[in-house]
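Overview (structure and organization)
For reference, the chains in residue letters:
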Amino acid sequence: MIIKKTFGVILLLLGLFLAFGLLKDSRLMLFGSKIRADVIGIDSVKNKRFGYVHYPILQFYYKQQQVRLVKDLKSVDPQNVPKHMEIYYAEGIGVSDGFTVTYAIFSIISIIMIIFGIIVIRTKHLF
């Protein structure tokens with residue numbers, strides 16, 4: 001019985017941990033501004049594993065101010081650099097791609113883990 005309850009608590013905590021990690025992207029999609037940013041260059045960073053990793057340098061206007069930043073969330077191919085990118089931006093939070101497949105998968109996994117954790121904790125005779 002104690003093993004089942006411990007398993008339920010672990011599932012619940014893992015689900016809450018995943019949901020907390022997704023909170024930043026959720027806040028950006030809710031409170032941030034969707035902006036079309038121009039890609040003005042590439043920042044190449046030396047990486048031990050892959051050689052060089054190339055990140056786009058974005059330029060856009062936010063609240064009548066020009067903002068330039070390096071989007072280090074994912075790298076781009078230097079031969080196929082897009083001219084524009086759609087991003088969500090908030091001044092105190094940062095940059096996000098928005099609702100991506102990865103975000104959707106981790107949201108579903110966290111919800112399932114939270115639900116199963118609660119079910120395991122609340123039931124008396126599970127098996």
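Structure: see above.
A brief report on the enclosed structure follows. Everything numeric here is computed off the predicted structure, so don't read it as measured data.

1. A few points about the overall build of the protein
Helix and strand counts for the protein come out as three helices and five strands. In sequence order, the protein lays out its α and β elements as α-α-β-β-β-β-β-α. Here the protein has a C-alpha radius of gyration of 20 Å; the compact-globule value for 127 residues is 14 Å, and the former is much larger. Projected onto its principal axes, the C-alpha coordinates of the protein cover approximately 60 × 35 × 20 Å. Per-residue burial for the protein yields a buried fraction of 31% across its 127 residues.

2. Quick word on the environment of Asp97
You can see Asp97 is positioned in the loop between β5 (94-96) and α3 (101-122). The spatial distance from the C-alpha of Asp97 to the C-alpha of Met85 is 8.8 Å, given a sequence separation of twelve residues. Ignoring sequence-local partners within four residues, the contact set of Asp97 consists of Lys71, Leu73, Lys74, Glu86 and Tyr88.

3. Focus on the nonpolar core
With 13 residues, the main nonpolar core has Leu58, Phe60, Leu69, Ile87 and Tyr89 as its most contacted residues. Put simply, the parts of the chain that give this core at least two residues each are β1 (33-47), β2 (51-62), β3 (65-70) and β4 (84-90). Non-local contacts of Ile87, meaning those with residues more than four positions away in its chain, are made with Ser33, Lys34, Ile35, Ala37, Leu58, Phe60, Lys71, Val95 and Ser96.

Reading the values: the criteria
- Residues numbered from 1 in each chain as written.
- Predicted model: local features only at pLDDT ≥ 70, side-chain atom pairs only at ≥ 80, totals over all residues.
- Heavy atoms only, no water.
- Helix = DSSP H or I, 4+ residues; strand = E, 2+ residues; numbered from the N terminus.
- Rg over C-alpha atoms; globule rule 2.2 N^0.38 Å.
- Buried < 20%, exposed > 50% of the residue type's maximum accessible area, 1.4 Å probe, protein only.
- Contact = heavy atoms within 4.5 Å.
- Core = buried A, V, L, I, M, F, W, Y, C linked by side-chain atoms within 4.5 Å.

Geometry only, nothing functional implied.
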